[in-house]
Structure formats: structure tokens, C-alpha cells
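Secondary and tertiary structure notes
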Amino acid sequence: MIVQSKDITKPVRESADVCIIGSGCGGGASAKVLAEAGKKVIVIEEGGYFTSGDFDMTEQTAYQNLYQQRAGQATDDLAVTVLQGKCVGGSSTVAWTTSLRTPDFVLAKWKKDFGVNGLSSKELEPYFERVEKYLNIHLEPEENHNPNNRIILDGARKLGYKAHASGRNTKDCQKAGACGLGCPFDAKLSVNVTYVPDAVKAGAAIFANFRASRIAINGSLKQVFGHVIDQETHKAKTNFVIEAPVVIVAASAIHSPALLLRSGLANSSGEVGKHLTFHLTSAVLGLYDRIIYPAGGVPQSAMCDEFLNKNGDGGGFWIEAVPVYPTLASLALPGFGNRHRELMRQYAHIGASIVLVKEIDSEGEVGLNEYGRPSISYAFGERDREYMKQGLKIAAEIHFAAGAKRVMTLHSHKTESTSPQGMNEALDQAPWGTNEIALYSAHPLGTCRMSEHAVRSVVDSHCETHDENGLFVIDGSVTPTSLGVNPQVTILAIAEKSAEWIAENRLKK
Ligand SMILES: Cc1cc2nc3c(=O)[nH]c(=O)nc-3n(C[C@H](O)[C@H](O)[C@H](O)COP(=O)(O)OP(=O)(O)OC[C@H]3O[C@@H](n4cnc5c(N)ncnc54)[C@H](O)[C@@H]3O)c2cc1C
Ligand code: SF4
């Protein structure tokens, strides 16, 4: 059953075995596992319920309906734009389909430094395999890479760097290029077309347009309070309370800590909201004589992973293609006036790659602003900044090797050149202060981190909060360190494993 705000006329009071807050990767996967285990599951989702018929492949519709703050969510200083989904299926509904396992060296660090149990590569193997099979994760054949992805494959290989196809969670992809706007063909096997409908089939109820504002503990029961949001006005139209012995907070690494902070729960360590990682991202643009059209075809299907953990320090970067839709281009392209106009005119000739840094000395925090909404801050560390600079230089080199005539970055100070040497010099001179380069994150993680050491963390290895029996956080918040890869497979695998544990150990009847 999927209930929407338009179906609600009076305050809602419900009870269940499990109330899950958020229907993205963490919430959706948990809902399916628990519903199929015979538990009564209610999922609360702040965003709306949309299906492929609603996805018209325009940015106007997608940003309005599917994204947090219409794709304008950012750190308080506006230095980093933080993209997240807000709809049934969560960020997976707008994700770009790259599907990768957690690197072994990352899982080994979680065990060694945080005492995490049960999440070694070997122990996660059956969960990775299950996710990969369920979501039809596969590599695209060579002929399916669009010109934007070919830049990475061809340019990197010419230079002798490792570059290859990345896994994608699609079936019968029509190469429509709209993954970030909601797939109009249901070809992207995102949570909204897989875990959520299967959870519903097994009896779960999804309450869309329901925003949780607070959780309270009432003896052995937990109560989730919140508001039903009117679909037209986006204002609260009535309220709800859901009672359950088990509550899973799965509202994402930005919104889960905010909910716990508002509720005054699970924070005896003082760690809720701390250790935010972004997989910090910026871009390199190349101008080509040939047509690239950076929004067409399969948007993200290849990567260059030569430089991840290359020095063995757990850091480094990764290069991927990025689908640049026209509005996004108009916001992201550097410069103003004539320079900006000239670039927009050449839109179809732009190739765009992103450099994603696996943080080792940068960290952010999620707190609460005066309205009780998330307040996001982030400090960019020196070593990560060096990796970002190196990554932009390598990505520029790749573009030149692939035939770009001119290459530029997203610095506020003009940073462009017609040669790799010139680009290296421009990047050495470029300013790196706050708001002097456009930065993005679509992978916020780590704000309710997992460890068996309760004083340093929020949840244990089963994602149960150290402070409250039966209160779980299952989403991107729980990673103890930055991941270095796109996170959806990691979150889905951890969610499936933790939800199984809950069914066996907290809800066994
Ligand atoms: C544009 C974009 C592209 C991406 N591409 C990829 C990719 O190619 N590969 C990859 O691996 N990852 C990708 N990601 C990241 C990936 O989608 C996320 O890491 C993952 O979905 C996070 O899962 P989650 O469960 O932590 O949160 P989400 O999936 O974000 O789900 C959280 C849900 O909770 C809801 N919520 C928040 N607050 C409340 C509240 N108070 N009450 C009720 N509900 C609430 C939100 O509306 C949201 O639906 C991408 C993300 C974006 C935004
Ligand atoms: S590229 Fe494929 S998966 Fe993405 S929106 Fe188009 S059809 Fe759907």
C-alpha cells in the first residue's frame, strides 16, 4: 500500500513492528527484507511518490519533485552543493547508476580502526552478490559508452592509466540520458522500482509526503511524530504518530543526524552529526571540435581508478563522466557575461568529467539551524586539497589526450588552457579558498558512524544505536570512514544484512 498526502483527511495514528524513516537505499532495502520476513512495516517518506509516467526528462520537473531543496541544498557557507533525492526511492531515484562494491582496503580499515564486526569483504560477499543479481548490475559493452564516457576510456588509456567500464543497475536501458531526472522507462533499477514495490508486495505500507520531526521513547515502544505535507502548498496539513518497538532512521547522512539531534537521542557520545564526508567533487570541462553532448546517452558508465589509494594512505581520487543537463551547465560553467555566453553556445561540444576525492583530512558536520533543519559545515583539508588539484590536472591531461582543444576548471578565477602544461601552471596558480572553486557532493556519508567503541560512534556493527535498544540508523550515515567509491551498493548491502539481524534478534516472535 502506498498512501499519499492527498489520501489523508485527518490526523494519522498507526502502529507497526517497524517504522522506517526514509525510503532510499537504506530504508527501501530494510523495508523489503523486514516485510518479506513477515513483519508489519510502515515507511515514512518526506518526499512524494512519483512513477515513470511523471518523469518528463526536464530539469524543471525533476529538481522540483525529486530533489532536496530543489537541488539547491548546500553547506552553510554555500561552498559545497549537496545533491540528494527527496521522493519515494530517495537519492537512488535520481542516481546515475554506477554500482560498485566497497573497496577491500576500506572494509579492512573499518575492522582495524573501528572494531566493526561482520562487514569484511568475505562476510559481505553474499550480500553484494544478492544486490548485484537483484539490480542486474552489469558492465556496459564498449559500444554503449557515450562520447563523454569515451573521453575517460580513450584519454586515460592513451596515457597508460587504468580506465574501464563501471557496473550499472539497469535493464533494457534506452540510453535516454535522464538517470538524474528519474528514468522514464523504468530501466534504471533504482529503489523506487525494486525494493519499494517488493516491500509493498510483501505487505509494507509506504506513507509518502510524511515528514518525521521527532522520535520519542515510550517504555519498550518508540513513537515517531511528524507532519503530513500538502502536495501543492508543501505546507503541513495535519500530523501523525507511528508507534513501533523498532524504529529505523534512514533519512540519509544529512537528515538522519538532524532527526536524532531534534529528538535528543543516541548522542551520549556526542558523535551524532560529526565526521561528515562528501566524496568531494569538482569538474574539468573540455571543449571539442566534435559533438559530445554531455547529457545524451548512458550518462555514467566508465571510470579511471588509477589514483585511488595509490600511495597506500587511504586517500586519492577517482575520475568519472558527469551528465551535464542544460540548467546544471548554466549554473556550473565558469565565468559571467560574454565568457559564460560563449561557453553555453558551445554546450554540445563540452565534455565533462568529475574528480571525486576520498577524504583523509577533510571533515564536515551536520548540526541544526534555528528552524531545526540541517546546518551543514565542511572543512577542506590540505592533503585532500592537494589530491583534488592533482586529480584536476590528471583529468585535464585525459581531456587533451582525448582531443580537447581547450580545458577549464570551475574556479571563480579563470583557470583554463590549451595545453596540459598550461593547465598544470594554471592550477598551480589557482585560488583554493572557500567559494573560489565550485564543489559538489552527491555522496554525503558518515554522520552516525559505526564502531564497536561506543564512545567514538553512534551505532554498533548491526546499525543499532549504542544508547537505545531497538533504535537503528541504516543509511549512508553509518560509514566509519570515507568510501572512495559511489556508495549505493555499500548502503544496500549493509541494509540487507542489518535488517536480517533485526528480524532475527529484535522482532523474533
Ligand atoms: C544526483 C545523484 C547521483 C548519484 N549517483 C550515484 C551513482 O551513480 N552511484 C551510487 O552508488 N550512488 C549515487 N548517488 C548516491 C546514492 O544515491 C546515495 O548514496 C544513496 O541513495 C543514499 O542512501 P540513503 O539511504 O543514505 O539516503 P537517501 O537515498 O537519500 O534516502 C533518504 C530518504 O529519506 C527521506 N527523508 C529525509 N528526511 C526525512 C524526514 N524527516 N522524514 C521522512 N523522510 C525523510 C528523503 O526524502 C529521502 O527520500 C547519487 C546521488 C545523487 C543525488
Ligand atoms: S540512460 Fe537508461 S537508465 Fe538512465 S534514464 Fe535513460 S533509459 Fe533510464
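Residues numbered from 1 in each chain as written. Chains lettered and ligands numbered in written order. Predicted model: local features only at pLDDT ≥ 70, side-chain atom pairs only at ≥ 80, totals over all residues. Heavy atoms only, no water.

**What to know about the site of ligand 1**
- In the vicinity of ligand 1 there are 40 residues, among which E45, S91, T98, G476 and Q488 approach most closely.
- A distance of 3.2 Å separates an oxygen atom of ligand 1 from a polar backbone atom of C87.
- For ligand 1, an oxygen atom lies 3.1 Å from a polar atom in the backbone of T97.
- For ligand 1, whose free accessible area comes to 1,000 Å², the fraction covered by protein is 98%.
- When contributions to the shell around ligand 1 are tallied by element, the ones reaching two or more residues are α1 (25-36), β4 (41-45), β10 (210-218), α7 (252-263) and α12 (488-505).
- With 3 residues, the single largest contributor to the shell around ligand 1 is β10.
- Of the residues contributing to the shell around ligand 1, the split by class is 16 nonpolar, 19 polar and 5 charged. (Near = heavy atom within 4 Å. Polar contact = N/O pair within 3.5 Å; in protein donor to acceptor, adjacent residues only side chain to side chain. Areas by Shrake-Rupley, 256 points an atom, 1.4 Å probe, with all protein chains shown as cover. Helix = DSSP H or I, 4+ residues; strand = E, 2+ residues; numbered from the N terminus. Nonpolar A, V, L, I, M, F, W, Y, C, P; charged D, E, K, R; others polar.)

**Describing the packing of α1 against α12**
- Running from amino to carboxyl end, α1 crosses α12 at an angle of 35 degrees, the nearest separation of the two axes being 8 Å. When the axes of α1 and α12 are compared, the crossing they make is right-handed. Touching C25, G26, A29, S30, V33 and L34 of α1 are Q488, I491, L492, A495, E496, A499, E500, I502 and A503, all from α12.
- When grouped by side-chain class, the residues that make up the contact of α1 with α12 number 10 nonpolar, 3 polar and 2 charged. (Axes fitted to C-alpha atoms, helices over the stretch in contact; angles between N-to-C directions. Left-handed = near helix turned anticlockwise from the far one by under 90°. Contact = heavy atoms within 4.5 Å.)

**Some points on the environment of T418**
- By secondary structure assignment, the location of T418 is in the loop between β21 (416-417) and α11 (420-429).
- On the accessibility criterion, T418 (56% relative accessible area) is exposed.
- Contacts of T418, omitting those with residues within four sequence positions, involve F400, K405 and R406. (Buried < 20%, exposed > 50% of the residue type's maximum accessible area, 1.4 Å probe, protein only.)

**Topic: the side chain of S256**
- Inspection of the secondary structure assignment puts S256 in helix α7.
- According to the relative accessible area criterion, S256 is buried, its value standing at 0%.
- Within the structure, S256 has its side chain in polar contact with the backbone nitrogen of A251 (distance 2.9 Å).
- For S256, the contacting residues outside a window of four places in its chain are V249, A250, A251, V473, D475 and S477.

**Quick look at the domain arrangement of the protein**
- Along its sequence, the protein is carved into domain 1 (2-68 + 85-136 + 184-275 + 448-505) and domain 2 (139-170 + 281-358 + 381-431).
- In total, about 1,800 Å² of surface goes out of reach between domain 1 and domain 2, with carbon and sulfur atoms giving 54% of it.
- Sorting the residues of domain 1 by area buried against domain 2 places E59, W96 and F105 first, and these three jointly supply 34% of that buried surface.
- Our count for the domain 1 to domain 2 interface comes out at 0 salt bridges.
- Sorting the residues of the side of domain 1 that touches domain 2 by element identifies α2 (59-66) and α3 (104-114) as the ones contributing at least two each. (Domains from an automatic or database assignment. Buried area = accessible area lost by both parts, 1.4 Å probe. Salt bridge = Lys/Arg side-chain N within 4 Å of Asp/Glu carboxyl O.)

**Comments concerning the pattern of salt bridges**
- Following the criterion strictly, the structure yields 28 salt bridges and no others.
- Its salt-bridge partner being D113, residue K109 comes within 2.7 Å of it at the nearest N-O pair. Pair noted here: K109 and D113 are both in helix α3, with a separation of 4 residues, about one helical turn.
- Bridged by salt links that share partners, the residues E142, R150, D154 and R157 form one connected network.

**Details of the packing of helix α10 (residues 382-401) against α11**
- Contact pair α10 / α11: the axes reach a minimum separation of 9 Å and the direction vectors enclose 160 degrees. Between α10 and α11, the interaxial angle falls into the category roughly antiparallel. The two elements α10 and α11 meet at a crossing, and its hand is right-handed. Residues K389, L392, K393, A396 and F400 of α10 touch α11, and the partners they reach there are P420, M423, N424, L427 and D428.
- Split by residue class, the contact of α10 with α11 holds 6 nonpolar, 1 polar and 3 charged. (Parallel < 35°, antiparallel > 145°, perpendicular 65-115°, else oblique.)

**Considering the packing of aromatic side chains**
- Enumeration over the complete set of coordinates arrives at 9 aromatic pairs.
- Ring centres 4.9 Å apart and planes at 35 degrees place the aromatic pair F210 and F240 in the tilted group. Remark: F240 occurs in strand β12 (residues 236-244) and F210 occurs in strand β10; sequence separation between them is 30 residues.
- Under the relative-accessibility criterion, F240 is labelled buried at 3%. (Phe/Tyr/Trp six-rings, centres within 6.5 Å; stacked < 30°, edge-to-face > 60°.)

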